[in-house]
Amino acid sequence: MSLRFLTAGETHGPQLTTIIEGLPSNLELDFEALNFQLHRRQKGYGRGRRMQIEKDTAEILGGVRHGYTTGAPLALVVQNNDWKHWQNIMNVEPVEGNDEAKRRIHRPRPGHADLNGGLKYNLKDLRNVLERSSARETTVRVAVGAIARQFLAQFGVKVAGQVRRIGEIEAPLHHLPIDELIERTEASSVRVTDEETEKKMEAYIDQIKKEGDSIGGIVECIIEGLPVGLGSHVQYDRKLDGRIAQGVMSINAFKGVEVGIGFEAGELRGSQVHDEIMYSEERGYYRATNRLGGFEGGMTNGMPIVVRGVMKPIPTLYKPLQSVDIDTKEAFTAQVERSDACAVPAASVVMEHVVTWEVAKAFLEKFGGDSMEEIHANYQNYLKQLGNY
Ligand SMILES: Cc1cc2nc3c(=O)[nH]c(=O)nc-3n(C[C@H](O)[C@H](O)[C@H](O)COP(=O)(O)O)c2cc1C
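Residues numbered from 1 in each chain as written. Predicted model: local features only at pLDDT ≥ 70, side-chain atom pairs only at ≥ 80, totals over all residues. Heavy atoms only, no water.

Enquirer: Now, about the side chain of E202: what can you tell me, with residues and values included?
Expert: Within the fold, E202 resides in helix α7 (residues 195-210). Of the buried charged residues, E202 lacks a salt bridge, with K199 as the closest side chain of opposite charge at 4.2 Å. (Helix = DSSP H or I, 4+ residues; strand = E, 2+ residues; numbered from the N terminus. Buried < 20%, exposed > 50% of the residue type's maximum accessible area, 1.4 Å probe, protein only. Lys, Arg positive; Asp, Glu negative; His and termini not counted. Salt bridge = Lys/Arg side-chain N within 4 Å of Asp/Glu carboxyl O.)

Structure below.
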C-alpha cells in the first residue's frame, strides 16, 4: 500500500483532521520540529489578523507511541482556536436563526470557489463552499509534509524554499549552499536571501495594501540528497515530475508550475538547455549543470530537485470587484473584507511541504518496507547497486 492521506475540516470548524496511511514503523518523530513547520506557514510579511489568532499546534491521536510511529494509520488534528466564536454558525446540528445569525453567504467572491461550488453542489449558502475551499486546509498539508520531511531527513535529504518574486520585485539568485539558503530565508520576513530585496518587497506589499489590492508571486522549492531513480519513465502516472506538478497545482491560488528552467526552455536551444553527463570516482554520474531541475524521463537524476510555482494575487480585496447576488441575480460590488494582501511567503512553506510529500511517497515506493530498518536496508542495497554499475 502506498503512502496516502486525506484531510477534513472547515476553516471555521473545530479542527482540521488528517489520516496518513502507509508510514513505516519506527520513524522517530520530533514534535517540536513538526510544530515549527506549522508556525513557519503562519509567518510572513503581508498577513492579517487571523494568523495572530491561530497558533497552530499538531495533536497526534493515533499511530505513534512513545515518540515512534507504529506502522498504524497516523491521525493528526490541528484545532482552530477561533472556533469558540463560530460554534453556532458552524454547528453540525440544525440551529435556529435568520441568515444573518447563520452568516449565510449569497454573494460569491470572484476568484474563489464560491459560485462554482454553489452551483455544482446545489448549495444556497455559499459558506458551505467557502469553509472548505479556504487555504486554511493547507495547515494539515504542511503537517503531513513535515512528517514526510522527517522521514526523508533520515536518509540525508534536505528541503529548502525561497520566494523568487512578489509582483514586480524579483529576488536575485545567489546560488547558495542549501544550509545557508535555509538559514537566510528563515531569517527573512518574505523568505528571500538578501536584505535589500526583503526591504523592497516589504515596501511594495505596504503599497499594494494601501491601494486596497493584493499581490501574488513565484516561489521555489529545492530538495537535495536524493538518489537517482525516484519515479519512473514507464507509465504516465509514475512520472515524479508530473506528480509533483499535480501537487503544486492543487495548492490554493497556484496557477502554474515549472521544473528546472521551466518555461524558459521554450526560448532556448537544445544545447543551452540539456545538462551534460559527467562521471567522477567520488560522485559517480552527475550533470555539469542542473537546468532540468533534477529530472529526466520522469525520474530523479541525482541532481537537486528544483520546482517553482506561481501564486495568483489573493482574490479577497479591499478594492471591490463586481459579482452577482445568487438570491436577486443583481449585480453588486463585493463588500470590503478583512484579508491578507500577500501570502506568498506562506505559500512558499506550503509548496515545500507539498513537494516533499510527493518525493517521500516516491521514496517509499522505491525502497518500501514496513519498518524504517527495512527501508534503510533496501536503500543501502540500492546504493551498493549504483556503486557497482
Ligand atoms: C497560504 C495561502 C493563504 C491564502 N490566504 C488567502 C486569504 O487570506 N484571502 C483570500 O481571499 N484567499 C487566500 N488564499 C487563496 C485562496 O484560498 C484561493 O484563491 C481560493 O481558494 C480559490 O482557489 P484557486 O485560487 O486555487 O482557484 C490563500 C492561499 C494560500 C496558498
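Enquirer: Describe the nonpolar core, naming the residues involved and giving the relevant values.
Expert: In terms of nonpolar packing, the biggest core is built from 70 residues, with F151, I166 and F363 touching the most fellow members. If one sorts the elements of this core by residue count, helix α10 (residues 344-367) sits on top with 13 residues. Discounting residues that sit within four places of it in the chain, F363 has contacts with F151, L152, F155, L226, P227, L230, G368, I375 and Y379. (Core = buried A, V, L, I, M, F, W, Y, C linked by side-chain atoms within 4.5 Å. Contact = heavy atoms within 4.5 Å.)

Enquirer: I'd like a rundown of the environment of V350, residues and numbers included.
Expert: Following the sequence through the fold, V350 ends up in helix α10. Along the primary structure V350 and R41 are separated by 309 residues, whereas in three dimensions their C-alpha atoms are 6.7 Å apart. Non-local contacts of V350, meaning those with residues more than four positions away in its chain, are made with R41, T138, V142 and I251.

Enquirer: Outline the environment of Y318, supporting the account with residue identities and numerical values.
Expert: Mapped onto the elements, Y318 comes out in the loop between β16 (305-311) and β17 (322-324). A relative accessible area of 36% places Y318 in the partly exposed class. When the C-alpha positions of Y318 and A334 are compared, they lie 8.9 Å apart, and in sequence the two are 16 residues distant.

Enquirer: Outline the packing of aromatic side chains, supporting the account with residue identities and numerical values.
Expert: Following the criterion strictly, the structure yields eleven aromatic pairs and no others. Here F151 and F363 contribute two aromatic rings whose centre-to-centre distance is 5.7 Å and whose plane-to-plane angle is 85 degrees, an arrangement assigned as edge-to-face. Of this pair, F151 sits in helix α5 (residues 138-153) while F363 sits in helix α10; the two residues are 212 residues apart in sequence, bridging distant segments of the chain. For F151, a relative accessible area of 2% gives the class buried. What makes F363 buried here is its relative accessible area of 0%. Ring centres of F155 and F363 lie 4.7 Å apart, and the angle between their planes is 50 degrees; this geometry places the pair in the tilted category. Placement of the pair is F155 in the loop between α5 and β8 (158-166) and F363 in helix α10, with a sequence separation of 208 residues. (Phe/Tyr/Trp six-rings, centres within 6.5 Å; stacked < 30°, edge-to-face > 60°.)

Enquirer: Run through the pattern of salt bridges, naming residues and quoting values.
Expert: Considering all chains together, one arrives at 23 salt bridges under this definition. For R40, the salt bridge is made with E186, and the minimal N-O distance between the two is 3.0 Å. On the criterion of sequence distance, the pair formed by R40 in helix α1 (residues 31-42) and E186 in helix α6 (residues 178-186) is long-range, its members being 146 residues apart. For R40, a relative accessible area of 3% puts it in the buried group. For E186, a relative accessible area of 22% translates into the label partly exposed. A salt bridge links R308 to E258; the shortest N-O distance between them is 3.0 Å. Residue R308 is located in strand β16, and its partner E258 is located in strand β11 (residues 254-259); the two are separated by 50 residues in the primary sequence. Where salt bridges share partners, they join R40, R149, E186, R191 and E352 into one cluster.

Enquirer: Mind laying out a nonpolar patch on the surface, listing which residues take part and the relevant values?
Expert: Nonpolar side chains collect at one region of the surface, where I277, Y279, Y285 and Y389 lie side by side and expose about 570 Å² of accessible area between them. Relative to the elements of secondary structure, I277 occurs in strand β12 (residues 277-280). You can call I277 exposed: its relative accessible area is 57%. (Patch = residues over 30% accessible without salt bridge, like charges linked within 9 Å, V, L, I, M, F, W, Y side chains within 5 Å. Areas by Shrake-Rupley, 256 points an atom, 1.4 Å probe, with all protein chains shown as cover.)

Enquirer: An account of the packing of α1 against α5 is requested, with residue identities and associated values reported.
Expert: Look at α1 against α5: their axes get within 9 Å of each other, and the N-to-C directions meet at 140 degrees. Relative to α5, α1 is oriented oblique. Between α1 and α5 the crossing geometry is right-handed. Mapping the contact onto sequence places A33, L34, Q37, L38, R40 and R41 in α1 and T138, T139, V142, A143, A146, I147, R149 and Q150 in α5. (Axes fitted to C-alpha atoms, helices over the stretch in contact; angles between N-to-C directions. Parallel < 35°, antiparallel > 145°, perpendicular 65-115°, else oblique. Left-handed = near helix turned anticlockwise from the far one by under 90°.)

Enquirer: Give me the environment of E211: which residues, what numbers.
Expert: One can find E211 in the loop between α7 and β10 (217-224). For the pair E211 and I261, spaced 50 residues apart in the sequence, the C-alpha separation amounts to 33 Å.

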